[in-house]
Amino acid sequence: MLKFERVHAGILMVMLALAPATVVAQEADTVYVNGIVYTVDDAFSKASAFAVKDGAFLYVGDDAGAREHVGPTTFVVDLDGKTVIPGLHDSHIHIRFGERELYPRTPDIRASLGEWASVERMQEVVRSSLATGAGMRPGPEPRWLVLRGWMSDVWEPPVWRKELIDAVAPDNPVYIIRYTHGSAANSKALELAGITRDTPDPEGGHIKKDENGEPTGEFVERAPLQLLELIPPLPPMTDYELSRNLVEGTQLAVASGLTTLHGASSGTSYDDVLRELKLYEVGLLRVRINQMVNVDAAKKMGGPLNYENKFFVQSVKTLLDGALGSRGAHFLEEYADYPEFYGEPRSSEDQTTATAIDLLKIGFNMRIHTIGDAANRIALNAFEAALEQTGKNGHDVRFALEHAQVITPEDLPRLAELGVIASMQPLHATEDMHFAEARLGPERIKGAYIWKTLLENDVVVATGTDYSVSPYNPFYTLHAAVTRQDRENNPPGGWFPEEALSREEALYAATMAGAYTMHAEDVLGSIEVGKLADFVVIPVDYMTIPAEDIWKITPDMTVIGGEVVYSRPVEAD
């Protein structure tokens, strides 16, 4: 642990010992010495000490220089050789920590995020839920059971079949939300909803069928409305519950080393913005949030918001397609493992262009969910048309492709030309490697998860997790970016290792690139004089530890605006 408690106990003695004989240049609030500090400035320079005053970096350099800023009331922290990195951004995260980790209302069949549930575990959770009532919705018999978290591609065979749930829940309708994009149901649910081989696909969705033309129970993207209308809804959360979940839940993020969250929900409303702003005004929220909102919220606001560099609202989140795993992603060519199916766009190019133009006129940009190469092309076409029609400079606007998962060689140069940011999630590659090549085929896979190629084409790549699809731990992200492996070091050598990032590139993508994406590169993202003092103290040297151990890093301390917002508890002997 840091020599924090000992310094605190003998603070006067420490300050007298370090205080120079001459007048202090400018007295700092806190001085940190004897560390390994990776600044992530333009030169990616290294320091050993820094000083903080009024929530910003006053000095960054060596111990002697830092000591010049020690005055009578300065608090001095001996880092004891530990490493300091800038505060970490998650550039695409659904801020659901409270709902998923602390106060869950829909049980997850996975033991934890990042671990896939086997068929046997799924069946056991269904049995347990029927016995205990967890996940059972209120209403008349037979009551509905609603769960989440299945992913069939790790099963043998790798397909959803309604019979898997029928075996343990023949009499109750069961509806299970996929781990992302998509859902499935058992035979009882299909029966009650009247879904047969003749039921047409819902708008924006697809009913999967077996070789005999019978529904398997799996729904790509959107499930039929006649089924969804039968499921009794959960009662809406109260304002207190929403606020509690946000305040308590974001402390989990802070403890993991995250200092700035880019909220990626397309459903964030004007009322949500008002609630979050109030929580900042009364001092209950400590993490910085760059919140994406829906179109209606942006129009009601009339312009972007920056509350004391703590709460930013400047982007609208929309979706152009679904997920690769569920086959909801929209492609130019058919799925390699599902002939004659291309996925469907959520919006047309003309609609997307019109929305982008309207938002640019009031100062908002767009960050669009795009997985498939067709969806990425639609977004790029819309961005280009909107910039041309408004006369805006793309490098000033900073549109973003959220996920940017599969991009054609023809479209690749357009990102840099248009100033479009690739907001990507390294964990998705290590999760999707189980099925991605089967979906895409041997050629199209070469344009997927291409972080390194994008960087080499002068595209800003900002990284995140897409929690709660994946775990929110930022060191999992750094590990996946550097190794292209899961946390069991598979596959050996990494999955398409030529697309791995260097440690410097990965750290930049998790810090400065996030700050750039939110137009805050002048105040966040690096440890430089004048910038806000957001940083993380870790017990090992990120640059030198074995790459396979990066995911094991746990912060000793997280600091936001010079304030210690998390300190790892001292373990008893």
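Basis of the calculations
Residues numbered from 1 in each chain as written. Predicted model: local features only at pLDDT ≥ 70, side-chain atom pairs only at ≥ 80, totals over all residues. Heavy atoms only, no water. Pairing = 2+ DSSP bridges. Helix = DSSP H or I, 4+ residues; strand = E, 2+ residues; numbered from the N terminus. Axes fitted to C-alpha atoms, helices over the stretch in contact; angles between N-to-C directions. Salt bridge = Lys/Arg side-chain N within 4 Å of Asp/Glu carboxyl O. Buried < 20%, exposed > 50% of the residue type's maximum accessible area, 1.4 Å probe, protein only. Expected span 1.5 Å × (residues − 1). Arc of directions from axis to C-beta. Core = buried A, V, L, I, M, F, W, Y, C linked by side-chain atoms within 4.5 Å. Contact = heavy atoms within 4.5 Å. Phe/Tyr/Trp six-rings, centres within 6.5 Å; stacked < 30°, edge-to-face > 60°. Lys NZ or Arg CZ within 6 Å of the ring centre and 35° of its normal.

For the rest of this paragraph, the subject is the sheet that holds strand β4 (residues 49-53). An order of β5-β4-β1-β6 is seen for the four strands of this open sheet, with the pairing classed as mixed. In this open sheet, the two edge strands, each paired with only one partner strand, are β5 (56-61) and β6 (75-78). Across the sheet, the mean angle separating the axes of adjacent strands is 15 degrees when strand polarity is ignored. Across three bridges, the pairing between strand β1 (residues 30-33) and β4 is antiparallel. Looking at the pairing, Val31 lines up with Ala51 of β4.

Opposite charge on two side chains allows them to pair when their charged atoms are near. Applying the stated rule across the entire model yields 26 salt bridges. Residue Glu191 is joined to Lys188 by a salt bridge in which the shortest nitrogen-to-oxygen separation is 3.7 Å. A residue pair is termed a helical-turn pair when its members lie 3 or 4 positions apart in one helix, as Glu191 and Lys188 do in helix α7 (residues 187-193) at three residues. Note on Glu191: relative accessible area 53%, which makes it exposed. Ionic pairing is found between Arg439 and Asp337, a salt bridge with its closest N-O pair at 2.7 Å. Remark: Asp337 occurs in the loop between β17 (311-319) and α12 (349-361) and Arg439 occurs in helix α17 (residues 436-444); sequence separation between them is 102 residues. Under the relative-accessibility criterion, Arg439 is labelled buried at 2%. Where salt bridges share partners, they join Asp153, Arg178, Arg327, Asp337 and Arg439 into one cluster.

Our focus in this paragraph is the pairing of β1. Side-chain alternation along β1 places Thr30 and Tyr32 on one buried face and Val31 and Val33 on a second face that is also buried. For β1 and β6, the ladder comprises four bridges, and the chain directions are parallel. Pairing of Thr30 across the sheet is with Phe75, part of β6.

The next point concerns helix α5 (residues 119-132). The periodicity of an α-helix, 3.6 residues per turn, causes residues three or four positions apart to be oriented the same way. Its 14 residues give α5 an end-to-end C-alpha distance of 20 Å, which sits within 8% of 20 Å, the value for a rise of 1.5 Å per residue. Along α5, the residues that are buried comprise Val119, Met122, Gln123, Val125, Val126 and Ser129. Projected onto a plane normal to the axis of α5, the buried residues spread over an arc of 160 degrees and lie on a single side. When the buried face of α5 is taken as reference, the exposed residues oriented beyond 90 degrees from it are Glu120, Ala131 and Thr132.

Attention shifts here to the nonpolar core. Looking at soluble globular proteins, one finds that nonpolar side chains tend to be buried together. Of all hydrophobic cores here, the largest spans 101 residues; its most connected members are Leu324, Phe399, Leu415, Leu454 and Tyr542. It is helix α13 (residues 373-390) that provides the largest number of residues to this core, a total of seven residues. Setting aside residues no more than four positions away along its own chain, Tyr542 makes contact with Thr83, Leu478, Val482, Arg503, Ala506, Leu507, Ile550 and Ile553. Ranked by size, the runner-up nonpolar core spans 19 residues in total, among them Ile109, Met122, Met136 and Leu145.

This paragraph deals with the packing of aromatic side chains. Under the defined criterion, the tally for this structure stands at 20 aromatic pairs. Judged by centre distance (4.7 Å) and plane angle (70 degrees), the rings of Trp116 and Tyr179 are edge-to-face. With Trp116 in the loop between α4 (97-102) and α5 and Tyr179 in the loop between β10 (174-178) and β11 (183-185), this residue pair connects regions lying 63 residues apart in the sequence. The class of Tyr179 is buried, set by a relative accessible area of 9%. Where Tyr467 meets Tyr472, the ring centres are 5.2 Å apart and the plane angle is 85 degrees; that geometry is what we call edge-to-face. Exposure remark for Tyr472: the relative accessible area of 18% places this residue in the buried category. Counting every residue linked through ring pairs, the aromatic cluster contains Tyr32, Phe50, Phe57 and Phe535. Cation over ring: Lys208 sits above Tyr338, and NZ or CZ is 4.8 Å from the ring centre. Just above the ring of Tyr103 sits the side chain of Arg244; from NZ or CZ to the centre is 3.5 Å.

Treat this as a map of the structure, not an account of what it does.
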